[in-house]
Amino acid sequence: MRKQGLVMAIPGFIFAVVLIYLLSLNIYFSLLNWSLFNLHPTFTGISTYYSLFSEYFFKLSVIHTIVYTVSAVALCNILGILGAGILYFIKSNTRRAIYLSIFLYPLAVPSSTYAITWQWLFNPQTGINLVLRIFHFPDILWLTTQQTVYAGMIIIEIWAYTGLAVLFYLASFISVDKSIVEAAKIDGANNFYLLFRILLPNSMNGLIVATALLFLFSFRIFTVPFTIGGPSNPTMMSLVEYIYILFSTEYFSLSSALASLVTLIAAVVIIPYALLGLKRWVFRR
C-alpha cells in the first residue's frame, strides 16, 4: 500500500520539480537588467525590485488588485453562504440542481466572452442604463471614473465567481450530520437559525476551499480588465496585466520580478490553507 502511494505521488513530484525550476529561472532573470535597451544583461541583484517598486503603474496595479481581491473574497463568500443556504432548504433535488446550474453557469463561460458582454452592458447609452431609465433612475457613466471602474469590476467578479462559493458551501451544508439539523428543528429553530448557528459553524471546510479559490481567481485576474480596458487604460490595470505590459514592452527583468512577487504572495496565502486542509481531511487531526 505504501509503494502504491509513492507511485501515485510521482506525477506530483515531477510537477513540483518543474515548477520550482521555472520559478528559480524566473527569479534569476529578475536579478538581471535585461530589457530591449540592454540585450547583454548583467547581474544587478535586487535593484530590479527597487526599480519596480518605484514605478507608478506598479503602485496603481497593487491598489486595483487589492480592491478586486478583497471585494471578491468578502462579497462572494457572503452571497455564497446565502445562496447555498437557500438551495439547501429546497426540498426537491431536481429544483436544487436546476438552480445550482444557474449559479455555476458563469464559470462555464470564457472570461473574454463575458468581458465583452459586460462591456456592452456598461455602455452609457445601452445595457444597464436602459433598465435604470425605465424606473426613472439617473444614468450611471460606467467605467469613466475610478469609482465606477471599481463598481463595474466588482459586479463582474460577483457574477462570475459567486457560483464557486455556492457550490462549496452547499456541499459542506449537505455533509452536516442530519440528526443535528433535525434536533434543532424539533426545538423550533427556523431556517435562519439553522443556517448561521448549525450549518455554517460545521462547514469550515467549505469556507477554507471557497476563500482560497476566490482569492486565486480574483488575485490573478487578467482577461476582464485587459479586454474591457486594454493595455492603455490604467484605471483597471491588475498586477497580472501589468506583468504582460512589462513583458510586451520588453522590460524582461521587471516582468520577471513582478511575476516572482505575484507567485510568492499567492504561495504565502494558499500554502497555509493547503496545509490546514491536509491536517483536517487527510491526516484527520
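Scroll up to find the structure.
For clarity, every value in this text was computed on a predicted model and none was experimentally measured.

### Details of the packing of helix H3 (residues 56–88) against helix H9 (residues 191–199)
Right, so step 1: Direction vectors running N to C along H3 and H9 enclose 115 degrees, while the axes themselves pass 10 Å from each other. Considering the relative orientation of H3 and H9, their crossing is right-handed. Of H9, the residues touching H3 (which contributes Ile81, Leu82, Gly85 and Tyr88) are Leu195, Phe196 and Leu199.
Right, so step 2: For the contact of H3 with H9, the residue count by class is 6 nonpolar, 1 polar and no charged.

### Some remarks on the nonpolar core
Right, so step 1: Ranked by size, the top nonpolar core spans 62 residues in total, and within it Leu52 and Leu258 carry the most contacts.
Right, so step 2: Among the elements that line this core, the one with the most residues is helix H7 (residues 146–175), at 11 residues.
Right, so step 3: Discounting residues that sit within four places of it in the chain, Leu258 has contacts with Leu52, Phe58, Leu239, Tyr242, Ile243 and Leu246.

### Things to note about unusual backbone geometry
Right, so step 1: In this model, His136 sits at a positive phi of 65 degrees, which is unusual for a non-glycine residue.
Right, so step 2: Position of His136 among the secondary structure elements: in the loop between helix H6 (128–134) and H7.
Right, so step 3: We classify His136 as exposed; its relative accessible area is 74%.
Right, so step 4: Even without being glycine, Glu250 reaches a positive phi, approximately 70 degrees.
Right, so step 5: Take Glu250: it is sitting in the loop between helix H12 (239–248) and helix H13 (252–282).
Right, so step 6: For Glu250, a relative accessible area of 30% translates into the label partly exposed.

Rules used throughout
- Residues numbered from 1 in each chain as written.
- Predicted model: local features only at pLDDT ≥ 70, side-chain atom pairs only at ≥ 80, totals over all residues.
- Heavy atoms only, no water.
- Axes fitted to C-alpha atoms, helices over the stretch in contact; angles between N-to-C directions.
- Helix = DSSP H or I, 4+ residues; strand = E, 2+ residues; numbered from the N terminus.
- Left-handed = near helix turned anticlockwise from the far one by under 90°.
- Contact = heavy atoms within 4.5 Å.
- Nonpolar A, V, L, I, M, F, W, Y, C, P; charged D, E, K, R; others polar.
- Core = buried A, V, L, I, M, F, W, Y, C linked by side-chain atoms within 4.5 Å.
- Buried < 20%, exposed > 50% of the residue type's maximum accessible area, 1.4 Å probe, protein only.

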